[in-house]
Amino acid sequence: MSVQVARRYFTVDEYHRMGKAGVFSEDDRVELIDGEILKMSPIGSRHAASVNRLNMQFNNLLGGRAIVSVQNPIVLNDFSEPEPDIAILRRRDDFYAQAHPSASDALLVIEIADTSVEYDHDIKLPAYARSAVPEVWIVDLPAETVALYADLANGVYRAVTTHQRGDSITPLHIPDLSIEVVSILG
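A few words now on the sheet that holds strand E5 (residues 106-113). Taken in spatial order, the six strands line up as E3-E4-E5-E6-E7-E8 in an open sheet, and their pairing is mixed. Only two strands of the sheet have a single neighbouring strand rather than two, namely strand E3 (66-70) and strand E8 (156-164). Adjacent strand axes in the sheet meet at a mean angle of 20° when their direction is disregarded. Two elements, strand E4 (residues 86-90) and E5, share four bridges in a ladder whose sense is antiparallel. Bridged to Ile86 within E5 is Ile110. Sitting on the sheet, helix H2 (residues 45-62) is in contact with E3, E4, E5 and strand E6 (136-140), with an inclination near 155° to E5. Of the strands in this sheet, E5, E6, strand E7 (145-153) and E8 are in contact with helix H3 (residues 117-130), which crosses E5 at around 165°.

Below, the discussion takes up the packing of aromatic side chains. Applying the stated rule across the entire model yields three aromatic pairs. Ring geometry for Phe58 versus Trp137: centroids 6.1 Å apart, planes at 45°, classification tilted. Taken together, the positions of Phe58 in helix H2 and Trp137 in strand E6 put the pair 79 residues apart, joining distant regions of the chain.

Take Lys124: it is sitting in helix H3. You can call Lys124 buried: its relative accessible area is 3%. In this structure the side chain of Lys124 is engaged in a polar contact, spanning 3.1 Å, whose partner is the side chain of Glu31. Only 2.8 Å separates the side chain of Lys124 from the side chain of Glu111, close enough to count as a polar contact. Every residue in contact with Lys124, bar those within four places of it in the chain, is listed here: Glu31, Ile33, Pro82, Glu83, Pro84, Glu111 and Tyr119.

Take the pattern of salt bridges next. All told, the structure shown has 11 salt bridges when counted by the stated rule. Across the salt bridge formed by Arg7 and Glu36, the nearest N and O atoms sit 2.8 Å from each other. With a gap of 29 residues between them, Arg7 in the segment before helix H1 (12-20) and Glu36 in strand E2 (residues 36-39) connect regions that are remote in the sequence. Residue Arg7 is classed as exposed on the basis of its relative accessible area, which comes to 56%. Note that Glu111 is salt-bridged to Lys124, the shortest N-O span being 2.8 Å. Pair noted here: Glu111 is in strand E5 and Lys124 is in helix H3, with a separation of 13 residues, a long-range link. According to the relative accessible area criterion, Glu111 is buried, its value standing at 2%. Because the salt bridges share partners, they merge into one network encompassing Glu31, Glu111 and Lys124.

The rules we used
- Residues numbered from 1 in each chain as written.
- Predicted model: local features only at pLDDT ≥ 70, side-chain atom pairs only at ≥ 80, totals over all residues.
- Heavy atoms only, no water.
- Pairing = 2+ DSSP bridges.
- Helix = DSSP H or I, 4+ residues; strand = E, 2+ residues; numbered from the N terminus.
- Axes fitted to C-alpha atoms, helices over the stretch in contact; angles between N-to-C directions.
- Contact = heavy atoms within 4.5 Å.
- Phe/Tyr/Trp six-rings, centres within 6.5 Å; stacked < 30°, edge-to-face > 60°.
- Buried < 20%, exposed > 50% of the residue type's maximum accessible area, 1.4 Å probe, protein only.
- Polar contact = N/O pair within 3.5 Å; in protein donor to acceptor, adjacent residues only side chain to side chain.
- Salt bridge = Lys/Arg side-chain N within 4 Å of Asp/Glu carboxyl O.

See below:
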């Protein structure tokens, strides 16, 4: 006899209501991906340092042309609201006070992976692709590489380039900006 397990998938709206109702504590590190509430890995010091370095670099280089969002939600669709480590968003005068940014607001999403390489690559990257985020970088701290995913077709990134120490990387939608990989990795 086989047992069938029924799953309950949540919408972004239900997820927000759960947060307002106190279902999650302030210290809970969770995000909604494809209707499932997933626990995120704790942030280690190397991960935090990479986020801080990228935040400072992008803010200095962009000079207010875009919004650098750090570990804040992006609504991908009715069932997904990840919190990427860094998102470069289209500039908006209200800084997205009326609603969280959507996938169409993102120019670039960056995930820093120390213990979460598989999760970021196998779970979050496909979710970004299905929602047409135009470019994603996955910073793999253990491998000391930055993988750039772009050129979307049918919900899949067709172009993948891997960069390492000694290389620089340029966001596709901000071609006048270049960042040294060593300055991301530390």
